[in-house]
6 protein chains.
Amino acid sequence: MRPSGRQPDEMRPIRFTRHYTKHAEGSVLVEFGDTRVLCNATVDERVPPWLRNKGSGWVTAEYGMLPRSTNERMAREAARGKQGGRTLEIQRLIGRSLRAAVNLEGLGERQITVDCDVIQADGGTRTASISGGYVALHDAVEHLLREGKIRKNPLIGAVASVSVGIYQGVPVLDLDYAEDSNAETDMNVVMNDANAFIEVQGTAEGHAFRMEELDAMLGLARNGIAEIIAAQRAALAG
Amino acid sequence: MRPSGRQPDEMRPIRFTRHYTKHAEGSVLVEFGDTRVLCNATVDERVPPWLRNKGSGWVTAEYGMLPRSTNERMAREAARGKQGGRTLEIQRLIGRSLRAAVNLEGLGERQITVDCDVIQADGGTRTASISGGYVALHDAVEHLLREGKIRKNPLIGAVASVSVGIYQGVPVLDLDYAEDSNAETDMNVVMNDANAFIEVQGTAEGHAFRMEELDAMLGLARNGIAEIIAAQRAALAG
Amino acid sequence: MRPSGRQPDEMRPIRFTRHYTKHAEGSVLVEFGDTRVLCNATVDERVPPWLRNKGSGWVTAEYGMLPRSTNERMAREAARGKQGGRTLEIQRLIGRSLRAAVNLEGLGERQITVDCDVIQADGGTRTASISGGYVALHDAVEHLLREGKIRKNPLIGAVASVSVGIYQGVPVLDLDYAEDSNAETDMNVVMNDANAFIEVQGTAEGHAFRMEELDAMLGLARNGIAEIIAAQRAALAG
Amino acid sequence: MRPSGRQPDEMRPIRFTRHYTKHAEGSVLVEFGDTRVLCNATVDERVPPWLRNKGSGWVTAEYGMLPRSTNERMAREAARGKQGGRTLEIQRLIGRSLRAAVNLEGLGERQITVDCDVIQADGGTRTASISGGYVALHDAVEHLLREGKIRKNPLIGAVASVSVGIYQGVPVLDLDYAEDSNAETDMNVVMNDANAFIEVQGTAEGHAFRMEELDAMLGLARNGIAEIIAAQRAALAG
Amino acid sequence: MRPSGRQPDEMRPIRFTRHYTKHAEGSVLVEFGDTRVLCNATVDERVPPWLRNKGSGWVTAEYGMLPRSTNERMAREAARGKQGGRTLEIQRLIGRSLRAAVNLEGLGERQITVDCDVIQADGGTRTASISGGYVALHDAVEHLLREGKIRKNPLIGAVASVSVGIYQGVPVLDLDYAEDSNAETDMNVVMNDANAFIEVQGTAEGHAFRMEELDAMLGLARNGIAEIIAAQRAALAG
Amino acid sequence: MRPSGRQPDEMRPIRFTRHYTKHAEGSVLVEFGDTRVLCNATVDERVPPWLRNKGSGWVTAEYGMLPRSTNERMAREAARGKQGGRTLEIQRLIGRSLRAAVNLEGLGERQITVDCDVIQADGGTRTASISGGYVALHDAVEHLLREGKIRKNPLIGAVASVSVGIYQGVPVLDLDYAEDSNAETDMNVVMNDANAFIEVQGTAEGHAFRMEELDAMLGLARNGIAEIIAAQRAALAG
């Protein structure tokens, strides 16, 4: 039934490749099937102006797509002179999600910026970004511990994200582009490793969805996220 | 317990004033307590370039806050030279929500733009915009029917929105600014008059929320939205 | 002869509604007939960089039109990414006019920003903005006196503005949109309550005007402004 | 009394150098004393979109200052990414003034753009731009007549401009920078060769001005403009 | 003597990985040592407006660096709202160089855009972009031939590029970042497979260079480019 | 053979007019035939942020063309809201070239900005800008010496620039617009008065060029630059 032949509750293969580039404090290529996002975490020893001298750190994210990461070439945002609404919305979501994994006071007065750049898109770039961004953030925090800049790990739990939706009337997990562009409902769920919700963003594209459909989707999401968190752990143990 | 003295499941007074300005095809001042948003619907006999000659209409929204609609003056976006990420995110949400109320083919090749400008803000400006925007959209559609430009009403249902959240550990309905700025979780829910979901956007600000908290919030939202839809009907009958 | 049936020297009804919104230190809805402008005055305890440590305050203005305040919807300036030439010209005029009412040294090192946002336009939005902006400025100054931040009132006189023009060969006072868009000459006059000129901006739209026409227009303006200043006084006494 | 030693009613030396550059259809260097502005008129065989197929032409102007035309270097507007409010205000004034000299229908469906670029500034750049811009416009119209693109001269009269003001209590003509920066009142007047007003823009910088001061200034302006128009004629006859 | 231990005339290892992403008509990851650039070529069946109906195609390029491709994170150009001067300069160079490889008339009225995005930077990103961009362009042209959109191959020769410079007084080939940031002279050379020059851009950073130094650098460049062209051929044969 | 009738190795008449405007510390009108560029050097007693407290000065350049300096009017960059790629490329080149003439430490913590504005273009505006910019820079440095702000002249040599190219198969010196727009190869060369290269930027427009053509062009450039440096000396001695 699914274009990929997957079962409704079946994730695509997930892969985290750490140390993907040599400059960043955390550098992770995350793959959800054919979706490939490079997540680079940068430590900056300054916080934004509105946080100065408050004893707290900050975590933020930026998101971009390479112009030909998609089937049709998209105009380069740098050339158009601004980031579009979708880009801003996604990078705000990534930033909020990753901050939920960190005790910002424990980070000290420094900022970690997680750049999520989509190399190849096939649906789910924002959920891959959050899931891979967490691993990059983890590596950047390890770097700070190793350097002795902080003593105690400020991470308070893992964070991961997956999309769920209703495709041809059936709730499905981890939509690829073929599904995403035809789904009746599309929902992005962010959770932590304590099985609690950080973000739930559901949108009816075709028809409004009912409570029982919402429950079915959230159930799928929970299982998918458990799987991603296991993969994150394996990658970080590697 | 609530700063306003309201019960957890108690909405603020809601008011829709139609024909608020004289130029727009639909012009509604919506008030959720002290939050006041002017929603003006404009009919344009052209659709955006990417929709031309496809036999379908379009509904879109723009959102803005007057600089001193808030307690601290915000910089004017026109002077700063761009709309911020929050503004873009909100106007995309309003647009998607209102499109869910319309059969776009039935609208013909024309566009309705709903401008939501916040005159005074006290929490819930996006949910008020959606709820008031629907009434303005309704009046613009009536205008088209009256003018004979369309024969059949393309509206397929009412749309309304309310915020819910967890404030001091208790799920509450329709957060005002005092609550919103201190809520642990904040969720905006958009539903139609068939009791189905169009958008669910929940964010854990302080701590991640559990399934039972999500269910409690959605239950409150459902009741609030029923109340708003009743008020919309009364205003449109007036 | 005038589309509205008014006499050549007859103003439209003028109304000032103070305390129109709850956040601003001065908040006035001014109406010149169907023209409605919301003037919000904000006190900021900092001056612009070029005035720092000079012992003087500053008064500035910003102007905007809601997209559907006019008969045809105008593009939102925040979305277009810049304020147009007309907007900048008007807000510079409002700022200069209001500064003429204030002893800036007496204000102390703080700035008052007067935001003039047009809710509904029917000609004369800039003259209404100046006239209403003065009342909002007055309320903001009263707020500073009440708070004890300044001891002595730095206002040195009232300021008001009206348009005059030549419509179908006849000098007329306070042009509405129907007249303004067909006037041969259009002049905006700003005066103080000592009967002296602060700004005179006359433009020949159709044919160049002669000295005697200029004199006739200035005579009308003087009477109109006296009427507005009386209305300002009544509102401030209210 | 005047820093330059001029009499109150004395203009600076005025000079128009035609054919100053070789590419433009009209190219005039205008000098009012040390103020030097290059006015280039360009004929474009297209009108702006909103005028297409209406049988009318258009005249517009753009204004700029070389960064070091002034005593302190000003930031280059192209580098800052936008034209400032003063620039937009001045180029709108120049455009309106020059259009008053032309029968736009007689121009045919083409546009003349007059670029006024300030090479050296010493007060009065906008009045020099209008006065020199008229000569450049005249040459561009002659070019069209010579090329046989139009048969009948669409110019309906000369246009010139001068500043007047009140300096140390005395009405003076054609203010240079030393006066302009200290004037109590500053007024730019645009007139045609029929002794009628096209624009009057007076601003009280220091103290509000009275009717008799206005009259005195307008009298000076009339004489100054007559002198400029004589110089324009001499240059065009040359 | 060189930080990398290379001989003065020794290139870094060069690698071209074709079909690196799945959407683009040509997709090549090029590596010059640790410098990694993704070159994606997109075929667009339209040409820019100024080329329409002229019977010719076009080849253009865009260039960008991922924010953390460098040792210090660079601000994202899309977020800053414009491409910097260096970016524009480089993408103009890449475009000119690639156009030199193509008979544009033979391409038909279509455009090929080559996006060069730097994944990891270690000196020589522009020369790698040109060298890899040529392979991506080649694959896009092959795609057009395979699709039957063009009959005859419009490529008229291979194009490759390398940097040369003077490091500690010695002419060296293919500078990495450690050399580039300390070189006295830096030169980028673009040549075709007929041993002729397409671009020569030499800059004295520290001291001006003499004719014999120029000759020595050009000699090194010639050898390096022959090596790159051999590697391109091997990759395209693969 | 050349449109102008010049010999292949013949420069256009070169003229430097110093003290062209009255405000700038150095103000030079440079003419290469009909190409006229105004070069104004401004001394600013501050350096850019990244140079503060480093004991070094800075020299930078900005470049612009008046809209009708060219045969076809170009859009004003200030109105378009950004400087184009060509502009940025040229002003970066001018800045680098002029810095090669100065010992920046000897300048002290101040910046000299050289504005090069093209009054009339006929090919070679960038080489004229560098050559004239050097004279303006020299005058600004003399100003600093005269004012006693620096004791020792930080200029370490003269800098000049000329274009060379291959026109109808023949290497020619100092291309005018008629040649430049039809040249097969175009090269800009910047040299100092010690006969050494500062910049070499050659581009094959039509066909790739061979080593012997490069040598012929560089030979012409050397002679042209010697001639320009002699003219600079004469002007500075004048």
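Everything numeric in this text was worked out from a predicted model, so none of it was measured.

Turning our eyes to something else, we now look at the relation of the copies chain E and chain A. Overlay of chain E on chain A (RMSD 0.0 Å): rotation 180 degrees, translation along the axis 0.0 Å. These values place the two chain copies in the arrangement generated by a two-fold rotation axis. Among all residues of chain E, the minimum C-alpha distance to the rotation axis is found for Ala 78 of chain E, at 1.8 Å. Comparing contact sets, 100% of the residues at the interface of chain E also lie at the interface in chain A, consistent with an isologous, same-surface contact.

Take the arrangement of the chains next. For chain A and chain D, which are not in contact, the least C-alpha distance works out to 11 Å. Note that chain B does not reach chain F: the shortest distance linking a C-alpha of one to a C-alpha of the other is 11 Å.

Quick look at the relation of the copies chain B and chain C now. For the pair chain B and chain C, the superposition axis carries a translation of 0.0 Å, the fit reaches an RMSD of 0.0 Å, and the rotation angle comes to 180 degrees. A high fraction, 100%, of the interface residues of chain B reappear at the interface in chain C, so the copies pair face to face through one surface.

Under the UniProt annotation, the feature "domain: Exoribonuclease phosphorolytic" (unreviewed entry) is placed at residues 10-140 and 158-223 of chain A. A helix fraction of 27% and a strand fraction of 31% characterise residues 10-140 of chain A, whose end C-alpha atoms lie 31 Å from each other.

Scanning all chains against the criterion turns up 12 aromatic pairs over all chains. With 4.9 Å between their ring centres and 85 degrees between their planes, Trp 50 of chain F and Trp 58 of chain F make a pair best called edge-to-face. A residue is classified by how much of its surface remains accessible, and Trp 58 of chain F, at 19% relative accessible area, is buried. Cation over ring: Arg 36 of chain A sits above Tyr 20 of chain E, and NZ or CZ is 5.1 Å from the ring centre.

Further remarks concern the side chain of Gln 120 of chain A. Mapped onto the elements, Gln 120 of chain A comes out in strand β5 (residues 111-120). Polar contacts involving the side chain of Gln 120 of chain A include one to the main-chain amide nitrogen of Lys 22 of chain E, which spans 2.7 Å. Those residues in contact with Gln 120 of chain A that lie beyond four places of it in its chain are Asp 34, Thr 35, Arg 36 and Ser 69 of chain A together with Tyr 20, Thr 21, Lys 22 and His 23 of chain E.

The next thing to look at is the interface of chain B and chain C. Contact residues are listed per partner, giving 37 residues for chain B and 37 residues for chain C. Between chain B and chain C, a total of about 3,000 Å² is buried, with carbon and sulfur atoms accounting for 46% of that surface. Where chain B meets chain C, there are 16 salt bridges. Viewed at the interface, chain C and chain B are joined by 27 residue pairs in polar contact (both at pLDDT 80 or more). For the side of chain B that touches chain C, the secondary structure elements donating two or more residues are β3 (35-44), β4 (58-65), α1 (77-80) and β5 (111-120) of chain B. It is β5 of chain B that contributes the most residues to the side of chain B that touches chain C, 6 residues altogether. The residue makeup of the side of chain B that touches chain C, split by class, is 12 nonpolar, 12 polar and 13 charged.

Residue and element names in this part refer to chain A. The positions UniProt marks with the feature "binding site: phosphate" (unreviewed entry) are Arg 86, Gly 124, Thr 125 and Arg 126. The largest pairwise C-alpha distance within this set of annotated residues, which runs over 41 residues, is 13.4 Å, so the set is compact in three dimensions. Here Thr 125 lies in helix α3 (residues 125-146). Residue Thr 125 is classed as buried on the basis of its relative accessible area of 6%.

Residues and elements named next belong to chain E. Mapped onto the elements of the fold, Arg 99 is located in helix α2 (residues 85-99). With 38 residues separating them in the primary sequence, Arg 99 and Ala 61 have C-alpha atoms 9.7 Å apart. In contact with Arg 99, not counting residues within four places along its chain, are Trp 58, Val 59, Thr 60 and Leu 104.

The rules we used
Residues numbered from 1 in each chain as written. Chains lettered and ligands numbered in written order. Predicted model: local features only at pLDDT ≥ 70, side-chain atom pairs only at ≥ 80, totals over all residues. Heavy atoms only, no water. Least-squares fit on C-alpha atoms with pLDDT ≥ 70 in both. Contact = heavy atoms within 4.5 Å. UniProt positions renumbered as here; feature names shortened; annotations may be inferred. Helix = DSSP H or I, 4+ residues; strand = E, 2+ residues; numbered from the N terminus. Phe/Tyr/Trp six-rings, centres within 6.5 Å; stacked < 30°, edge-to-face > 60°. Buried < 20%, exposed > 50% of the residue type's maximum accessible area, 1.4 Å probe, protein only. Lys NZ or Arg CZ within 6 Å of the ring centre and 35° of its normal. Polar contact = N/O pair within 3.5 Å; in protein donor to acceptor, adjacent residues only side chain to side chain. Buried area = accessible area lost by both parts, 1.4 Å probe. Salt bridge = Lys/Arg side-chain N within 4 Å of Asp/Glu carboxyl O. Nonpolar A, V, L, I, M, F, W, Y, C, P; charged D, E, K, R; others polar.

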